[in-house]
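Descriptive structure summary
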Amino acid sequence: MRKSLYLKFMLGYLVFAVLSFLFIAIFSSRMTYRYCLEQESQELRAMADRIAESCRGFYTGSTEGYEDFFEPLADLALYSNTRIWFIDTGGTLAYDSADRLTGETISAFDPSRTYRTGDFYGTLAEDCVSVSSAITGNFSTYGYVVIHQPLSRIYQFSDGLQLPIYLTFTAVFAFSLVILLIFRICVAQPLKAITKGAQEYAGGNLKFSVEVKADDEMGYLADTLNAMAHELSNSEEYQKKFIANVSHDFRSPLTSIKGYLEAMADGVIPPENQEKYLRIVISETERLNKLTEGLLSLNSLERNHMHLDKSAFDINRIIKNTCETFEGTCQQKGITFDLTFPDFSVMVYADMGKIQQVIYNLVDNAIKFSRENSSIDIQVSVKNEKVFVSVKDHGIGIPKANLKKIWTRFFKSDESRGKDKRGTGLGLSIVKEIIQAHQENIDVISTEGAGTEFIFRLPKAPEGTTAPPTEAAGAGRE
């Protein structure tokens, strides 16, 4: 079973809490105990020093005759929960505030240690911390004051200090549960919704929307997934429309070709009229060929795979040569070209063959939708390091609603289908792919009933670059 990220985070958090508690319970308790032991031993040592100082003038190893002095010590021992001893230099216990072991000899007694813990050489019934202080006088040591305090009292005091630590840890742990709540709200729930969305998209439900309203990385990821699903959905719709358009544009000429050929084969069309219909068949074949070439061009003009053979060339000459290829068509419609160039030659750095295709498609498009006896204006201008080329017709124009659709493959407005039944709807798509492959832009300005203008830009060739000998520059304004 797959464990959720939230469950893993919660388990990790609980493990961290348990380990932290164990650390506090073990190491912190030991450190607190050691601290309390050190502090208590210092206090006991100071108490032993005061008692030794007070009896320095009269004590010489025996306690006989000093009952008045030792009586308050018994009260002090009872009050401080300690046991006070006097031991002579031979290790014999001369006085015991508890009156239990007086006269017993402790041969292993070592007064050099600051303090010791345990049963004091087997003489005590419970473990204690023991300190000693020497009683001196006339440069001699007469004995030692030894004070014992049960370790149980120190443990009790240490535990009392530990209680606030445990309470503080518990409070911090309780407050830190807010982190889990924040993680659940800000990370776990959005991530669950995003995961659900990914599963829906993987299952083909591209209409599903990931509902994450957050101004952070999770919200950005959800918006990105929604945008991706939207694009995939549009792509699917585009593919269906693409296939439908291809089928439509192939079916029409194929139907015509099949119909005319069958009519000629069946003798419906007399031999004297067959040449006319054979020309129609050839025309439809050319239309199919043009459509196929357009599809192949678009397939090879994918921006990430397009190879550009860039060189410096005169854009003026390319424009003039391209316009000359439409001379026959323009004469039939009475269309003239008005070319405006800023200089004898304008050098650009681009793929000459593909830019020539761009100009050809734009001029062909302008001729198709220009009125008879009108003009097509082509203008070249230079601004900074860019060369701008404008192709403007005075034709029917493009409806505002269709301006963003003209770059779509196979797109034809109703007007286009009425006036240009032989068009493939691929010319402007090819133009945009080529210009974008050059990392440049192309814009369109159109007024319905007045005409359309396309403007694209190219990088200017470095100063001093000249055109190849085959490209003798054209001139000024025609």
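Rules and cut-offs
Residues numbered from 1 in each chain as written. Predicted model: local features only at pLDDT ≥ 70, side-chain atom pairs only at ≥ 80, totals over all residues. Heavy atoms only, no water. Salt bridge = Lys/Arg side-chain N within 4 Å of Asp/Glu carboxyl O. Helix = DSSP H or I, 4+ residues; strand = E, 2+ residues; numbered from the N terminus. Buried < 20%, exposed > 50% of the residue type's maximum accessible area, 1.4 Å probe, protein only. pLDDT = per-residue confidence, 0-100. Contact = heavy atoms within 4.5 Å. 1 Å grid on protein atoms, 1.4 Å probe; cavity = no way out; pocket = protein on both sides within 12 Å on 5 of 7 lines; lining within 4 Å. Points joined across faces, edges and corners; volume = space filled by probe spheres on them. Nonpolar A, V, L, I, M, F, W, Y, C, P; charged D, E, K, R; others polar. Pairing = 2+ DSSP bridges. Axes fitted to C-alpha atoms, helices over the stretch in contact; angles between N-to-C directions. Patch = residues over 30% accessible without salt bridge, like charges linked within 9 Å, V, L, I, M, F, W, Y side chains within 5 Å. Areas by Shrake-Rupley, 256 points an atom, 1.4 Å probe, with all protein chains shown as cover. Phe/Tyr/Trp six-rings, centres within 6.5 Å; stacked < 30°, edge-to-face > 60°.

By the definition in use, this model includes nine salt bridges. When the shortest N-O distance is used, the salt bridge between Asp49 and Arg45 registers 3.4 Å. Of the two residues, Asp49 and Arg45 are both situated in helix α1 (residues 5–54); the distance of four residues between them amounts to about one turn of the helix. Relative accessible area serves as the criterion here: at 34%, Asp49 is assigned to the partly exposed category. Judged by relative accessible area, Arg45 falls into the partly exposed class, the value being 30%.

With that settled, the discussion passes to unusual backbone geometry. A positive phi angle, close to 50°, is found at Phe120, a residue other than glycine. Checked against the element boundaries, Phe120 lands in the loop between β3 (115–118) and β4 (128–137). The backbone phi angle of Asn373 is positive, close to 60°, even though this residue is not glycine. Looking at the secondary structure, you find Asn373 in the loop between α8 (352–368) and β9 (375–383).

Per-residue pLDDT for the protein averages 80, and the proportion of residues at 70 or more is 83%. In the model, residues 414–422 has pLDDT below 50 throughout and makes 17 contacts with residues more than four positions away in sequence or in other chains. Below pLDDT 50 for its whole length, residues 471–478 participates in 26 contacts with residues either more than four positions away or in separate chains.

Attention now moves to empty space enclosed by the protein. Throughout the structure, instances matching the rule amount to one cavity of 30 Å³ or more. In this structure, the largest cavity encloses a volume near 70 Å³. In terms of lining, the largest cavity is formed by Phe109, Asp110, Arg113, Thr114, Tyr115, Arg116, Phe120, Tyr121, Ser130, Val131 and Ser132. Looking at the lining of the largest cavity, the elements that each hand over two or more residues are β3 and β4. Of the residues contributing to the lining of the largest cavity, the split by class is five nonpolar, three polar and three charged.

Strand order in the open sheet made by the five strands is β2-β1-β5-β4-β3, with antiparallel pairing throughout. Of all strands in the sheet, those bounded by a partner on one side alone are β2 (93–96) and β3. On average, adjacent strands in this sheet sit at an angle of 25° to one another, irrespective of strand direction. For strand β1 (residues 83–88) and β2, the ladder comprises three bridges, and the chain directions are antiparallel. Its bridge partner being in β2, Ile87 is matched across the sheet by Leu93. Strands β3, β4 and β5 (140–150) of the sheet are contacted by helix α3 (residues 151–202), whose axis makes an angle of about 50° with β5.

Counting buried positions along β1 gives six out of six residues, so the element sits mostly inside the fold. The pairing of β1 with β5 spans six bridges and is classified as antiparallel. Pairing of Arg83 across the sheet is with His148, part of β5. Here β1 folds back onto β2, and the loop between the two strands holds four residues, one of which, Gly91, carries a positive phi near 90°.

Here we take up a nonpolar patch on the surface. A surface patch of nonpolar side chains, amounting to about 890 Å² of accessible area, comprises Val15, Val18, Leu19, Phe21, Leu22, Phe23, Ile26, Phe27 and Met31. Summarising the element assignment, Phe27 is placed in helix α1.

Below, the discussion takes up the pairing of strand β11 (residues 442–447). For β11 and strand β12 (residues 451–459), the ladder comprises six bridges, and the chain directions are antiparallel. For Ile445, the partnering residue across the bridge sits in β12 and is Glu453.

Describing an aromatic ring pair means giving the distance of the ring centres and the angle of the ring planes. Overall, the coordinates contain nine aromatic pairs when judged by the stated rule. With a centroid separation of 5.2 Å and an interplanar angle of 40°, the aromatic rings of Tyr260 and Tyr277 are classed as tilted. Here Tyr277 lies in helix α5 (residues 271–300) and Tyr260 lies in helix α4 (residues 217–266), a separation of 17 residues in the sequence. With a centroid separation of 4.7 Å and 35° between ring planes, the pair formed by Phe326 and Tyr360 is classed as tilted. Note that Phe326 is positioned in the loop between α6 (315–324) and α7 (327–333) and Tyr360 in helix α8, a separation of 34 residues in sequence. Residue Tyr360 is classed as partly exposed on the basis of its relative accessible area of 39%. Each residue in the set Trp85, Phe109, Phe120, Tyr121 and Tyr144 is aromatic and connected to the rest through ring pairs, giving one cluster.

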